[in-house]
Amino acid sequence: MAQRVAQSWNDLRTRQARRGDYVAQVVAYRGYGSTRRVRVLGRVMYARPGLHSESDAFNNFRGWVSFTSVPIQHAEVTVEIGATRAVVHADAGGVVDALVDVELEPGWHEARMSADGAEPGSARVLVVEPGAAFGIVSDIDDTVMVTALPRPFLALWNTFVLSERARTPTPGMAVLLDRLATEHPEAPIVYLSTGPWNAAPTLQRFLGRNLYPAGPLLLTDWGMTPERWFRSGRDHKRENLERLAAEFPGIRWLLVGDNGQHDESIYAEFAAEHPDSVAAVAIRELSPGQAVFSGGTTHDAAGGASRPGLTWASAPDGAGLAQQLESAGVL
């Protein structure tokens, strides 16, 4: 049922987009990988010109406008990176999430993505040092950016009305992540969020403007699935953490989140299952009322915080987390 409704809605929007001033385009997002294989990310869609650009020249759109784009389903996409040229496919939501075999040196590389009849896009891909032993996974909403997600009406206002210029960085978090990146220059930094791919360019502009270290975003598609009306944010985070652990078995991750969207329990479960893949957990504390309204609780951390050998930091801002991580020898 959900799949039929979603398909009918997408068909209607596609017809409207083709009749309007929308253009077909490929939007590439930052990816990551090893010297032998990279994960490329992007979307193929009909959208208003400039809407999904990372450039500051297009940063005056209100939040809701980013949700007017229409996915082009199952498009064939050509990826060019280094000397490699590969053909991949978008899914039913227009999302490209594919692995491409490469031969690349560590560092940032440019990946170009194109499809017939669509404007091409390009984005950087981070190739991780083979000997990297430390990495950072950070949530976004109410972790590095104050979005008021625990308060539903303000959350809708922040997501659909405000531009990223009106959003507030969490005090001290940019300094914390920058210190970690400076002390561990080989460490990959991945931003893992349940936010939608529609908002990726907005989020990347926000992170850059507020001096957060550059890193790929792992977001989700808010569309329906064949089995469910709504996708599971918790499953999205669990699956990507599992994937990072498998792709980089030699890296121990600092997991950064907040106590408002079940990050504590997700990180605690992951640490219990993959103790060799976790260096520490750092949780930005919301007020008890905010945490409960957002679906989290102040008790989510009980299992993880008490596990022997696991460094668990918890504070309302980046400065407090930095102090605890420094005392534990992580920073």
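Residues numbered from 1 in each chain as written. Predicted model: local features only at pLDDT ≥ 70, side-chain atom pairs only at ≥ 80, totals over all residues. Heavy atoms only, no water.

Some words on the pairing of strand E5 (residues 84–89)
Convention followed: Burial status follows relative accessibility: with a 1.4 Å probe on protein chains alone, a residue under 20% of its type maximum counts as buried, one over 50% as exposed, and anything between as partly exposed. By the criteria applied, helices consist of DSSP H or I runs no shorter than four residues and strands consist of E runs no shorter than two, each listed in order from the N terminus. Paired strands are those between which DSSP finds at least two bridges.
Along E5, the buried face is formed by Thr84, Ala86 and Val88; none of Arg85, Val87 and His89, which line the opposite face, is buried. Hairpin connection from strand E4 (residues 76–81) to E5: two residues lie between these consecutive antiparallel strands, with Gly82 at a positive phi of about 60 degrees.

Quick notes on empty space enclosed by the protein
Which entries qualify depends on this criterion: Computed over the protein atoms alone on a 1 Å grid, cavities are sets of points where a 1.4 Å probe fits but cannot get out and pockets are open sets with protein on both sides within 12 Å along at least five of seven lines; a residue lines them when it has an atom within 4 Å of a point. Grid points are joined across faces, edges and corners, and a volume is the space filled by probe spheres set on the points. When residue character is reported, Ala, Val, Leu, Ile, Met, Phe, Trp, Tyr, Cys and Pro are called nonpolar, Asp, Glu, Lys and Arg charged, and the others, Gly included, polar.
Evaluation of the coordinates by the stated rule reveals one cavity of 30 Å³ or more. Lining the largest cavity, in full, are Ala28, Tyr29, Gly31, Val40, Leu41, Ala111, Met113, Ala123 and Val125. Every element with two or more residues in the lining of the largest cavity is listed here: strand E1 (23–33), strand E2 (37–47), strand E7 (107–114) and strand E8 (121–127). No other element matches the three residues that E1 contributes to the lining of the largest cavity. By residue class, the composition of the lining of the largest cavity is eight nonpolar, one polar and no charged.

A closer look at the packing of aromatic side chains
Each aromatic ring pair is summarised here by two numbers: the centre-to-centre distance and the angle between the ring planes. What counts here: Think of it this way: a Phe, Tyr or Trp ring, Trp meaning its six-membered ring, pairs with another when their centres are within 6.5 Å, and the plane angle makes it stacked under 30 degrees, edge-to-face over 60, tilted otherwise.
For the structure shown, the criterion picks out four aromatic pairs. Their ring planes at 45 degrees and their centres at 6.0 Å tell us that Tyr32 and Phe248 sit as a pair that is tilted. Residue Tyr32 is located in strand E1, and its partner Phe248 is located in the loop between helix H5 (233–247) and strand E14 (252–258); the two are separated by 216 residues in the primary sequence. Relative accessible area serves as the criterion here: at 10%, Phe248 is assigned to the buried category. Consider the rings of Phe206 and Tyr212, whose centres lie 6.4 Å apart with planes at 25 degrees: the pair is stacked. The two residues Phe206 and Tyr212 agree in class, both being buried. Of the aromatic side chains, those joined through ring pairs into one cluster are Tyr32, Phe248 and Trp253.

Focus on the sheet that holds strand E9 (residues 134–138)
As a reminder of what qualifies: Axes here refer to lines fitted to C-alpha atoms; in helices the fit is confined to the stretch in contact. Angles between the N-to-C directions go from 0 to 180 degrees.
Read from one edge to the other, the open sheet built from six strands follows the order E13-E12-E9-E14-E15-E16, with strand pairing classed as parallel. Of all strands in the sheet, those bounded by a partner on one side alone are strand E13 (217–220) and strand E16 (312–315). For this sheet the average axis-to-axis angle between neighbouring strands, irrespective of direction, equals 15 degrees. Both E9 and strand E12 (residues 189–196) contribute to a ladder of three bridges, which runs parallel. Each bridged residue has a counterpart across the sheet, and for Ser138 the counterpart in E12 is Tyr191.

What about helix H4 (residues 200–209)?
Of all ten residues making up H4, eight are buried, and the element is well covered by its neighbours. After H4 finishes, the residue Leu211 shows a positive phi value of roughly 65 degrees.

Details of helix H6 (residues 263–273)
Note on helix geometry: an α-helix contains 3.6 residues per turn, so any two residues three or four positions apart are oriented the same way. When you tally the buried positions in H6, you get eight out of eleven residues, the bulk of the element. Those residues of H6 lying buried are Asp263, Glu264, Ser265, Ile266, Tyr267, Ala268, Phe270 and Ala271.

Side note on the environment of Leu218
Within the element layout of this structure, Leu218 appears in strand E13. Along the chain, Leu218 and Leu41 lie 177 residues apart, while their C-alpha atoms are 8.7 Å from each other.

What about the pattern of salt bridges?
Filter applied, for reference: A carboxyl oxygen of Asp or Glu within 4 Å of a side-chain nitrogen of Lys or Arg is what we treat as a salt bridge.
One pass over the full model with this rule turns up 13 salt bridges. The shortest N-O distance in the salt bridge between Lys237 and Asp139 comes to 3.1 Å. Taken together, the residues span a long stretch of sequence, with Lys237 in helix H5 and Asp139 in the loop between E9 and strand E10 (145–146) at a distance of 98 residues. Like Asp139, Lys237 is buried.

A few points about unusual backbone geometry
Of note, the phi angle at His74 is positive, near 55 degrees, even though the residue is not glycine. Residue His74 is classed as exposed on the basis of its relative accessible area of 52%.

Some details on the nonpolar core
Heads up, the rule is: Among buried residues, those of type Ala, Val, Leu, Ile, Met, Phe, Trp, Tyr and Cys that are joined through side-chain atoms within 4.5 Å constitute a nonpolar core. Note on contacts: a residue pair qualifies if any of its non-hydrogen atoms lie within 4.5 Å across the two residues.
Counting residues in hydrophobic clusters, the biggest one holds 65 residues, and the most contacted among them are Tyr212, Leu255 and Leu325. When near neighbours in sequence (up to four residues on either side) are disregarded, Leu255 contacts Val137, Leu241, Tyr267, Phe270, Val278, Ala280, Val281 and Ala282. In terms of nonpolar packing, the next biggest core, distinct from the first, is built from 28 residues, Val26, Ala28, Ala75 and Met113 among them.

Some thoughts on the packing of H5 against H6
Short version of the rule: An angle below 35 degrees is read as roughly parallel, one above 145 as roughly antiparallel, one from 65 to 115 as roughly perpendicular, and any other as oblique. Rotating anticlockwise by less than a right angle from the far helix to the near helix defines a left-handed crossing, while the corresponding clockwise rotation defines a right-handed one.
Look at H5 against H6: their axes get within 11 Å of each other, and the N-to-C directions meet at 30 degrees. One finds that H5 runs roughly parallel with respect to H6. In the packing of H5 onto H6, the handedness of the crossing is right-handed. Every residue of H6 that contacts H5 at Arg234, Lys237, Arg238, Leu241, Glu242 and Ala245 is listed here: Asp263, Ser265, Ile266, Tyr267, Glu269, Phe270 and Glu273. The residue inventory of the contact of H5 with H6, partitioned by class, reads five nonpolar, one polar and seven charged.

A word on the pairing of E8
Of all the seven residues making up E8, five are buried; the element is thus mostly covered by neighbouring parts of the structure. Here three bridges tie E1 to E8, and the two strands are oriented parallel to one another. The residue bridging Tyr32 from the neighbouring strand is Leu126, located in E8. In the sheet, E7 pairs with E8 via seven bridges, with the strands oriented antiparallel. Across the sheet, residue Arg112 finds its bridge partner in E8, namely Ser122. The antiparallel hairpin formed by E7 and E8 contains six residues in its connecting segment, where Gly117 sits at a positive phi of about 80 degrees.

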